[in-house]
Amino acid sequence: MPDGFVDLLPELGNALGQTLTMLAIGVTTAIVLGGPLGILLFLAGADPAPGQRPLARLLGWTADTVRTFPFAVLLVALLPVTRILAGTAIGPLAAAVPLSIAGVPWFARRVEQALADVPRGVVDAGQAMGASRLQVVLHVLLVEARPGLVVALAALVVLVLSYAAVAGLVGGGGIGEFVLRYGYERFDADIMVFTVALLAALVQVIQLTGTRWARRVDKR
Amino acid sequence: MAHPAEPPLIRIEQVTTSVGAARREVLRAATLHVARGDVCGIVGASGAGKSTLLRTINLLDVPDSGTVVVAGRDLARLSRRDLRVARQDIGMVFQQPNLLMNLNVYDNVALPLRLHGTLNPPRLRRRVLDCLDLVGMGAHAGAYPAGLSGGQQQRVAIARALASQPAILLCDAPTSALDAATARALFELLRAVNADAGVTIVIASHDLPALAALCNRVAVLADGTIAETFDPADTTAPRATPLGRELAFYGTEAGVLFHQGVLHA
């Protein structure tokens with residue numbers, strides 16, 4: 001154990017808690033808002049009624065514009081919005097704002113893709129049964145897209161985790177800030193290596209869980 | 001069989017239908033009447049428009065012009081909600097079983113009933129099991145489609161199409177992906193569905209001998225239009241198309257023997 005490492009453990013625990021807070025808020029928002037948005041993107045894009053085409057284009061354009069921002073830039077650009085929503089521009093709650101805004105369109109596009117990957121034939125079968133568009137989405141597409149959605153969810157968690165680390169560099173707290181303060185600024189290679197390994201392990205656990213879960217729901 | 005005075009159950013009049021992003025015109029002024037209780041075969045070369053014709057009957061493909069009247073309802077004039085109700089009376093099986101692979105057999109057959117929510121749980125359960133028994137899949141209710149053979153999957157698809165007790169069953173080349181023996185068993189099942197449950201069937205297929213044995217009407221589709229319709233049992237009248245002549249041959253005793261391999265050319 002390096003000198004002072006044990007002393008830093010409570011600090012690390014605290015940082016980990018902050019990261020998990022950011023993760024929870026970011027992922028939840030992405031699911032709650034990005035999920036329905038993805039369904040909407042799919043519906044408006046796949047077979048748009050004539051009146052829905054402008055809406056589809058606007059939604060798609062908005063989603064892609066947000067996604068083109070490098071996250072660090074989005075983080076800074078959104079500072080005024082963050083102040084309004086979180087009441088502050090520093091700390092994990094503040095960081096959760098840009099995290100959520102970045103996660104929503106990203107997850108929406110993944111959901112859209114997972115729905116688009118469902119074979120056309122089952123949609124035909126659903127329509128032939130007399131299902132409404134909403135019923136086709138809820139009872140056919142979401143059921144058949146389950147494995148793809150689980151994979152997308154795991155990727156979302158990893159994405160938000162890495163974004164949360166970036167947010168730490170500009171005062172967001174969490175593991176990112178911990179690494180910056182104790183690993184980088186004090187030139188402590190051990191802390192650096194240990195924290196990076198911790199993050200890597202976290203990502204591995206998330207991926208593995210996602211893959212296992214996806215395999216379990218996949219009956220194809 | 002249909003009462004002479006009864007109007008046809010399915011009436012397709014001068015229907016022109018285009019499909020795909022390119023709006024390729026597949027049906028051109030096609031006209032077809034199907035009486036209640038009929039088994040009507042649709043034959044035609046690949047790309048002649050058989051699938052589109054079937055998909056026009058439940059408006060999965062919407063005609064550019066012409067009318068589709070099913071059980072007295074002009075489908076194109078119905079509201080979305082009424083069209084969905086009308087579709088419950090028109091079951092459909094496809095070339096592929098198109099089952100939901102992440103649902104088991106029971107839940108696949110229950111799906112149309114749950115969508116419409118008209119049956120209470122015990123009756124729904126009864127109906128699903130009856131349908132599975134009808135197609136001989138009662139022992140597989142808990143299985144997932146991936147664990148079934150193609151023929152078994154298609155039987156489940158038929159059970160699903162019959163779950164809401166439709167008056168009409170549309171079959172789009174349901175045996176084309178199956179081996180000959182499995183296909184024959186499936187045709188036998190369709191015959192029973194028609195004879196026992198009184199379901200009117202419209203079936204597209206390339207299996208001319210099977211159609212000659214199953215159908216009491218056959219329509220030859222050529223170049224997007226109905227070239228002729230006839231009763232395959234009437235083997236004496238002259239036929240206008242090569243497919244019609246071939247079908248008429250399989251309606252004869254010699255044709256049946258030929259198909260069974262007893263008689264060789």
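The rules behind each value
Residues numbered from 1 in each chain as written. Chains lettered and ligands numbered in written order. Predicted model: local features only at pLDDT ≥ 70, side-chain atom pairs only at ≥ 80, totals over all residues. Helix = DSSP H or I, 4+ residues; strand = E, 2+ residues; numbered from the N terminus. Buried ≥ 20, exposed ≤ 12 C-beta atoms within 10 Å, placed from the backbone. Contact = placed C-beta atoms within 7 Å. Pairing = 2+ DSSP bridges. Axes fitted to C-alpha atoms, helices over the stretch in contact; angles between N-to-C directions. Expected span 1.5 Å × (residues − 1). Arc of directions from axis to C-beta. Nonpolar A, V, L, I, M, F, W, Y, C, P; charged D, E, K, R; others polar. Right-handed = clockwise from strand over helix to strand, strands pointing away.

**Student:** Can you break down the overall build of chain A residue by residue, with the values?
**Tutor:** When you go through chain A residue by residue, the secondary structure sums to 10 helices and 0 strands. Within chain A, the proportion of its 220 residues that are buried is 40%. Of the contacts formed within chain A by residues at least 6 apart in sequence, a portion of 72% connects residues at least 24 apart.

**Student:** Talk me through the sheet that holds strand 2 (residues 24-34) of chain B; I want residue IDs and the actual numbers.
**Tutor:** Residue and element names in this part refer to chain B. Taking strand neighbours across the sheet as the criterion, the 4 strands line up as 2-1-4-5 in an open arrangement whose pairing is antiparallel. Edge positions in the sheet fall to strand 2 and strand 5 (73-74), since each of these pairs with one other strand and no more. Bridge count between strand 1 (residues 10-19) and strand 4 (residues 65-70): 5 bridges; the pairing is antiparallel. Bridge pairing in strand 4 places Ile-12 opposite Val-68. Each of strand 1, strand 2 and strand 4 is contacted by helix 1 (residues 50-57), which is oriented at about 120° to strand 1, the strand it contacts most.

**Student:** Summarise helix 4 (residues 121-134) of chain B; cite the residues concerned and give the values.
**Tutor:** Side chains of residues three or four places apart in an α-helix project in the same direction, reflecting 3.6 residues per turn. Residue and element names in this part refer to chain B. The end-to-end C-alpha distance of helix 4, which contains 14 residues, comes to 20 Å, matching closely the 20 Å that a straight helix rising 1.5 Å per residue would cover. All of the buried residues in helix 4 are Val-128, Cys-131 and Leu-132. The buried residues of helix 4 occupy an angular sector of 100° when projected down its axis, which confines them to one face. The exposed set on the far side of helix 4, more than 90 degrees from its buried face, consists of Pro-122, Arg-123 and Arg-126. In this fold, the buried residues of helix 4 make contact with helix 3 (105-116) and helix 5 (150-162). Phi turns positive, to about 80°, at Gly-136, one or two residues after helix 4.

**Student:** Give a detailed account of the interface of chain A and chain B, specifying residues and quantitative values.
**Tutor:** Counting from both sides, the interface comprises 19 residues of chain A and, opposite them, 20 residues of chain B. Contributing elements (two or more residues each) for the side of chain A that touches chain B: helix 6 (120-128) and helix 7 (133-144) of chain A. With 6 residues, helix 6 of chain A is the largest single contributor of residues to the side of chain A that touches chain B. The residue inventory of the side of chain A that touches chain B, partitioned by class, reads 8 nonpolar, 6 polar and 5 charged.

**Student:** I'd like a description of the pairing of strand 8 (residues 200-204) of chain B, backed by residues and values.
**Tutor:** All names here are of chain B. Of all 5 residues that make up strand 8, 5 are buried, and the element is covered over most of its length. Side chains of strand 8 alternate between two faces, with Thr-200, Val-202 and Ala-204 and Ile-201 and Ile-203 buried alike. By the bridge criterion, 4 bridges tie strand 3 (residues 39-43) to strand 8 in an arrangement that is parallel. Bridge assignment links Gly-41 to a residue of strand 8, and that residue is Ile-203. The sheet contact formed by strand 7 (residues 168-172) and strand 8 spans 5 bridges and is parallel. Following the sheet pairing, Leu-169 is matched in strand 8 by Ile-201. Once the chain exits strand 7 it traverses helix 6 (residues 180-197) before rejoining the sheet at strand 8, and the crossover so formed is right-handed.

**Student:** Describe in detail the environment of Glu-177 of chain A, supporting the description with residues and values.
**Tutor:** Residue and element names in this part refer to chain A. Along the chain, the position of Glu-177 falls in helix 9 (residues 174-184). You can call Glu-177 buried: it has 23 C-beta atoms within 10 Å. Note: C-alpha distance between Glu-177 and Ala-164 (13 residues apart in sequence) is 9.6 Å. With residues up to four places along the chain from it excluded, the contact list for Glu-177 reads Ala-15, Gly-168 and Gly-172.

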